[in-house]
Amino acid sequence: AQKVTQAQTEISVVEKEDVTLDCVYETRDTTYYLFWYKQPPSGELVFLIRRNSFDEQNEISGRYSWNFQKSTSSFNFTITASQVVDSAVYFCALRHTGANSKLTFGKGITLSVRP
Amino acid sequence: DTEVTQTPKHLVMGMTNKKSLKCEQHMGHRAMYWYKQKAKKPPELMFVYSYEKLSINESVPSRFSPECPNSSLLNLHLHALQPEDSALYLCASSLRPDRAWGEQYFGPGTRLTVT
(Lines give C-alpha, C1' and ligand atoms only; values in the text may rest on other atoms or scores of the structure.)
Protein backbone atom coordinates (compact mmCIF):
# COMPACT_ATOMS: atom_id res chain seq x y z
CA ALA A 1 0.00 0.00 0.00
CA GLN A 2 1.18 3.49 -0.64
CA LYS A 3 0.41 6.68 1.19
CA VAL A 4 1.21 10.36 0.90
CA THR A 5 1.06 12.61 3.93
CA GLN A 6 0.91 16.36 3.75
CA ALA A 7 0.73 17.23 7.42
CA GLN A 8 0.31 20.96 6.86
CA THR A 9 -3.27 21.76 5.87
CA GLU A 10 -3.17 25.53 5.57
CA ILE A 11 -0.26 27.95 5.42
CA SER A 12 -0.50 31.71 5.30
CA VAL A 13 2.47 33.92 4.50
CA VAL A 14 3.10 37.49 3.53
CA GLU A 15 4.35 38.19 0.05
CA LYS A 16 8.12 37.78 -0.43
CA GLU A 17 8.40 35.27 2.39
CA ASP A 18 9.88 31.86 1.64
CA VAL A 19 7.63 28.89 2.35
CA THR A 20 8.22 25.14 2.39
CA LEU A 21 5.49 22.61 1.76
CA ASP A 22 6.17 19.20 3.25
CA CYS A 23 5.43 15.84 1.69
CA VAL A 24 6.16 12.45 3.25
CA TYR A 25 5.36 9.23 1.46
CA GLU A 26 5.18 5.51 2.16
CA THR A 27 5.67 2.76 -0.37
CA ARG A 28 7.12 -0.73 -0.50
CA ASP A 29 8.21 -0.35 -4.10
CA THR A 30 11.78 0.45 -5.03
CA THR A 31 10.72 2.17 -8.23
CA TYR A 32 8.17 4.92 -7.95
CA TYR A 33 7.45 8.44 -9.08
CA LEU A 34 6.64 11.55 -7.11
CA PHE A 35 4.75 14.55 -8.39
CA TRP A 36 3.70 17.99 -7.26
CA TYR A 37 0.58 19.64 -8.63
CA LYS A 38 -0.80 23.12 -8.08
CA GLN A 39 -4.54 23.78 -8.05
CA PRO A 40 -5.40 27.48 -8.21
CA PRO A 41 -8.94 28.67 -7.43
CA SER A 42 -9.88 28.17 -11.08
CA GLY A 43 -9.81 24.42 -10.43
CA GLU A 44 -7.35 23.02 -12.93
CA LEU A 45 -4.50 20.93 -11.54
CA VAL A 46 -1.22 22.14 -12.97
CA PHE A 47 1.72 19.74 -13.14
CA LEU A 48 4.83 21.20 -11.50
CA ILE A 49 7.44 18.47 -11.25
CA ARG A 50 8.09 14.74 -11.43
CA ARG A 51 10.88 12.90 -9.67
CA ASN A 52 11.70 9.19 -9.97
CA SER A 53 12.94 7.17 -7.03
CA PHE A 54 16.43 6.77 -8.47
CA ASP A 55 17.04 10.45 -8.94
CA GLU A 56 17.70 12.25 -5.69
CA GLN A 57 19.02 15.38 -7.29
CA ASN A 58 17.34 18.48 -6.03
CA GLU A 59 15.77 20.71 -8.60
CA ILE A 60 15.32 24.43 -8.95
CA SER A 61 13.01 26.13 -11.38
CA GLY A 62 12.88 29.86 -10.92
CA ARG A 63 11.45 30.56 -7.48
CA TYR A 64 10.53 26.90 -6.99
CA SER A 65 12.82 24.23 -5.61
CA TRP A 66 12.33 20.65 -4.58
CA ASN A 67 14.24 18.56 -2.08
CA PHE A 68 13.93 14.78 -2.46
CA GLN A 69 15.35 12.65 0.34
CA LYS A 70 14.82 8.90 0.16
CA SER A 71 16.33 8.41 3.60
CA THR A 72 13.42 10.30 5.14
CA SER A 73 10.86 9.49 2.40
CA SER A 74 10.28 13.15 1.83
CA PHE A 75 9.80 15.32 -1.22
CA ASN A 76 9.50 18.89 -0.02
CA PHE A 77 8.69 21.94 -2.09
CA THR A 78 10.00 25.43 -1.39
CA ILE A 79 8.73 28.65 -2.89
CA THR A 80 11.20 31.50 -2.55
CA ALA A 81 9.97 35.07 -2.40
CA SER A 82 6.33 34.03 -2.55
CA GLN A 83 3.83 36.00 -4.61
CA VAL A 84 0.08 36.40 -4.41
CA VAL A 85 -0.24 34.28 -7.57
CA ASP A 86 1.25 31.36 -5.65
CA SER A 87 -1.96 31.16 -3.61
CA ALA A 88 -3.40 27.73 -4.40
CA VAL A 89 -3.80 24.22 -3.10
CA TYR A 90 -0.67 22.13 -3.61
CA PHE A 91 -0.86 18.35 -3.90
CA CYS A 92 1.97 15.90 -3.62
CA ALA A 93 1.32 12.56 -5.32
CA LEU A 94 2.95 9.16 -5.68
CA ARG A 95 2.66 6.54 -8.38
CA HIS A 96 4.39 3.18 -8.61
CA THR A 97 5.21 1.31 -11.81
CA GLY A 98 2.70 -0.88 -13.59
CA ALA A 99 0.10 -0.36 -16.24
CA ASN A 100 -2.77 -0.01 -13.78
CA SER A 101 -0.98 1.99 -11.15
CA LYS A 102 -2.80 5.03 -9.86
CA LEU A 103 -1.79 8.42 -8.58
CA THR A 104 -2.07 8.54 -4.82
CA PHE A 105 -2.58 12.12 -3.71
CA GLY A 106 -1.90 13.69 -0.37
CA LYS A 107 -4.70 15.74 1.16
CA GLY A 108 -3.25 18.97 -0.16
CA ILE A 109 -1.91 22.15 1.41
CA THR A 110 -3.78 25.42 1.01
CA LEU A 111 -1.27 28.21 0.63
CA SER A 112 -2.44 31.79 1.02
CA VAL A 113 0.00 34.55 0.16
CA ARG A 114 -1.11 37.95 1.47
CA PRO A 115 0.06 41.16 -0.15
CA ASP B 1 -0.25 22.15 -27.00
CA THR B 2 -0.59 20.71 -23.50
CA GLU B 3 -4.27 21.38 -23.13
CA VAL B 4 -7.13 19.28 -21.95
CA THR B 5 -10.50 20.91 -22.49
CA GLN B 6 -13.71 20.13 -20.68
CA THR B 7 -17.28 21.18 -21.33
CA PRO B 8 -19.43 22.43 -19.81
CA LYS B 9 -17.65 24.48 -17.20
CA HIS B 10 -20.67 24.44 -14.91
CA LEU B 11 -23.68 22.14 -14.86
CA VAL B 12 -26.79 22.14 -12.73
CA MET B 13 -29.04 19.14 -13.09
CA GLY B 14 -32.00 17.60 -11.37
CA MET B 15 -31.96 14.08 -10.04
CA THR B 16 -34.03 12.80 -12.96
CA ASN B 17 -32.00 14.46 -15.70
CA LYS B 18 -29.55 12.88 -18.11
CA LYS B 19 -26.50 14.90 -19.02
CA SER B 20 -23.01 14.33 -20.34
CA LEU B 21 -19.60 15.78 -19.59
CA LYS B 22 -17.10 16.04 -22.38
CA CYS B 23 -13.31 15.99 -22.36
CA GLU B 24 -10.95 16.45 -25.27
CA GLN B 25 -7.20 16.38 -25.79
CA HIS B 26 -5.07 16.55 -28.92
CA MET B 27 -1.71 15.63 -27.46
CA GLY B 28 -1.77 12.06 -28.76
CA HIS B 29 -2.21 10.75 -25.22
CA ARG B 30 -3.53 7.20 -24.99
CA ALA B 31 -4.52 7.21 -21.33
CA MET B 32 -7.48 9.25 -20.15
CA TYR B 33 -8.92 9.59 -16.69
CA TRP B 34 -11.99 10.82 -14.85
CA TYR B 35 -11.61 12.12 -11.33
CA LYS B 36 -14.15 13.43 -8.85
CA GLN B 37 -13.11 16.11 -6.40
CA LYS B 38 -15.12 17.29 -3.43
CA ALA B 39 -14.36 20.60 -1.76
CA LYS B 40 -11.11 20.63 0.24
CA LYS B 41 -10.29 17.06 -0.76
CA PRO B 42 -7.84 15.56 -3.24
CA PRO B 43 -9.10 14.19 -6.55
CA GLU B 44 -10.49 10.66 -6.42
CA LEU B 45 -9.98 8.41 -9.40
CA MET B 46 -13.17 7.14 -11.04
CA PHE B 47 -12.21 5.61 -14.39
CA VAL B 48 -9.19 5.02 -16.57
CA TYR B 49 -9.19 4.40 -20.30
CA SER B 50 -6.12 2.82 -21.86
CA TYR B 51 -5.98 2.85 -25.64
CA GLU B 52 -9.71 3.63 -25.72
CA LYS B 53 -10.59 0.65 -23.54
CA LEU B 54 -11.84 0.89 -19.98
CA SER B 55 -9.03 -0.44 -17.80
CA ILE B 56 -9.99 0.77 -14.33
CA ASN B 57 -13.38 1.35 -12.77
CA GLU B 58 -13.01 2.31 -9.13
CA SER B 59 -16.35 0.76 -8.16
CA VAL B 60 -18.21 3.80 -9.39
CA PRO B 61 -22.04 3.63 -9.24
CA SER B 62 -23.69 2.81 -12.53
CA ARG B 63 -25.36 6.21 -12.66
CA PHE B 64 -21.96 7.33 -14.01
CA SER B 65 -21.22 5.84 -17.41
CA PRO B 66 -17.95 6.61 -19.17
CA GLU B 67 -17.35 6.42 -22.87
CA CYS B 68 -14.27 6.85 -25.03
CA PRO B 69 -15.40 7.24 -28.66
CA ASN B 70 -11.86 7.81 -29.94
CA SER B 71 -8.38 8.54 -28.69
CA SER B 72 -9.06 12.26 -28.28
CA LEU B 73 -12.45 12.22 -26.65
CA LEU B 74 -13.77 11.11 -23.30
CA ASN B 75 -17.34 11.43 -22.14
CA LEU B 76 -19.02 10.88 -18.81
CA HIS B 77 -22.74 10.21 -19.04
CA LEU B 78 -24.77 11.09 -15.97
CA HIS B 79 -28.18 9.75 -15.08
CA ALA B 80 -30.29 9.79 -11.92
CA LEU B 81 -27.61 11.46 -9.86
CA GLN B 82 -27.86 12.22 -6.17
CA PRO B 83 -27.13 15.54 -4.44
CA GLU B 84 -24.00 13.99 -2.94
CA ASP B 85 -22.64 13.62 -6.47
CA SER B 86 -22.23 17.38 -6.62
CA ALA B 87 -18.50 17.95 -7.10
CA LEU B 88 -15.80 19.10 -9.49
CA TYR B 89 -15.26 16.49 -12.20
CA LEU B 90 -11.79 16.53 -13.64
CA CYS B 91 -10.56 14.89 -16.79
CA ALA B 92 -6.88 14.10 -17.28
CA SER B 93 -4.68 12.47 -19.86
CA SER B 94 -1.19 11.06 -20.01
CA LEU B 95 1.02 9.85 -22.83
CA ARG B 96 0.91 6.09 -22.34
CA PRO B 97 -1.01 4.00 -19.79
CA ASP B 98 2.02 1.82 -19.09
CA ARG B 99 4.34 4.75 -18.42
CA ALA B 100 3.85 5.43 -14.74
CA TRP B 101 6.37 8.25 -14.86
CA GLY B 102 4.21 10.17 -17.28
CA GLU B 103 2.62 13.21 -15.76
CA GLN B 104 -1.09 13.62 -16.08
CA TYR B 105 -2.43 16.78 -17.65
CA PHE B 106 -5.69 17.96 -16.18
CA GLY B 107 -8.54 19.89 -17.64
CA PRO B 108 -10.21 22.80 -15.82
CA GLY B 109 -13.05 20.60 -14.65
CA THR B 110 -16.82 20.69 -14.72
CA ARG B 111 -18.44 21.95 -11.55
CA LEU B 112 -21.57 19.84 -11.17
CA THR B 113 -24.46 20.66 -8.89
CA VAL B 114 -27.26 18.13 -8.47
CA THR B 115 -30.51 19.59 -7.14
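The structure this text deals with has already been given above.
Okay, so let's go over this structure. Note that the structure is predicted; figures quoted are calculated from it, not measured.

## Things to note about the layout of surface pockets
- Approximately 470 Å³ is the volume found for the largest pocket.
- If you list the elements that add at least two residues to the lining of the largest pocket, you get β10 (88–96) and β12 (109–114) of chain A together with β9 (87–94) of chain B.
- A total of three residues in the lining of the largest pocket trace back to one element, the largest contributor, which is β10 of chain A.
- Considering only residue class, the lining of the largest pocket consists of nine nonpolar, seven polar and six charged.

## Re the state of the cysteines
Residues and elements named next belong to chain A.
- The full count for this structure, using the stated rule, is two disulfides over all chains.
- Between the sulfur of Cys23 and that of Cys92 lies a disulfide, 2.0 Å long from S to S. Between Cys23 and Cys92, the S-S torsion sits near -65 degrees, and that sign places the bridge as left-handed. One end of the pair, Cys23, is in the loop between β3 (19–21) and β4 (24–26); the other, Cys92, is in strand β10, and 69 residues separate them in sequence. As far as the burial class goes, Cys23 and Cys92 line up, both buried.

## Looking at the interface of chain B and chain A
- Listed by partner, the interface residues are 23 residues for chain B and 23 residues for chain A.
- Sorting the residues of chain B by area buried against chain A places Ala100, Trp101 and Phe106 of chain B first, and these three jointly supply 28% of that buried surface.
- Among the salt bridges present, the one from Arg50 of chain A reaches Glu103 of chain B, with a minimum N-O distance of 2.3 Å.
- Viewed at the interface, chain A and chain B are joined by four residue pairs in polar contact (both at pLDDT 80 or more).
- Looking at the side of chain B that touches chain A, the elements with two or more residues in it are β4 (31–37), β6 (53–57) and β9 of chain B.
- Here the residues of the side of chain B that touches chain A are counted per class, giving 13 nonpolar, five polar and five charged.

## Looking at the sheet that holds strand β3 (residues 18–25) of chain B
Residue and element names in this part refer to chain B.
- The four strands lie next to each other as β1-β3-β8-β7, forming an open sheet whose pairing is antiparallel. In the strand order of this sheet, the two ends are held by β1 (4–7) and β7 (64–70), each with one partner. Each strand of the sheet is rotated relative to its neighbour by a mean of 20 degrees, with strand direction disregarded.
- Alignment of β7 against strand β8 (residues 73–79), held across five bridges, turns out to be antiparallel. Each bridged residue has a counterpart across the sheet, and for Glu67 the counterpart in β8 is Asn75.

About the thresholds
- Residues numbered from 1 in each chain as written.
- Chains lettered and ligands numbered in written order.
- Predicted model: local features only at pLDDT ≥ 70, side-chain atom pairs only at ≥ 80, totals over all residues.
- Heavy atoms only, no water.
- 1 Å grid on protein atoms, 1.4 Å probe; cavity = no way out; pocket = protein on both sides within 12 Å on 5 of 7 lines; lining within 4 Å.
- Points joined across faces, edges and corners; volume = space filled by probe spheres on them.
- Helix = DSSP H or I, 4+ residues; strand = E, 2+ residues; numbered from the N terminus.
- Nonpolar A, V, L, I, M, F, W, Y, C, P; charged D, E, K, R; others polar.
- Disulfide = S-S within 2.5 Å.
- Buried < 20%, exposed > 50% of the residue type's maximum accessible area, 1.4 Å probe, protein only.
- Contact = heavy atoms within 4.5 Å.
- Buried area = accessible area lost by both parts, 1.4 Å probe.
- Salt bridge = Lys/Arg side-chain N within 4 Å of Asp/Glu carboxyl O.
- Polar contact = N/O pair within 3.5 Å; in protein donor to acceptor, adjacent residues only side chain to side chain.
- Pairing = 2+ DSSP bridges.
- Axes fitted to C-alpha atoms, helices over the stretch in contact; angles between N-to-C directions.

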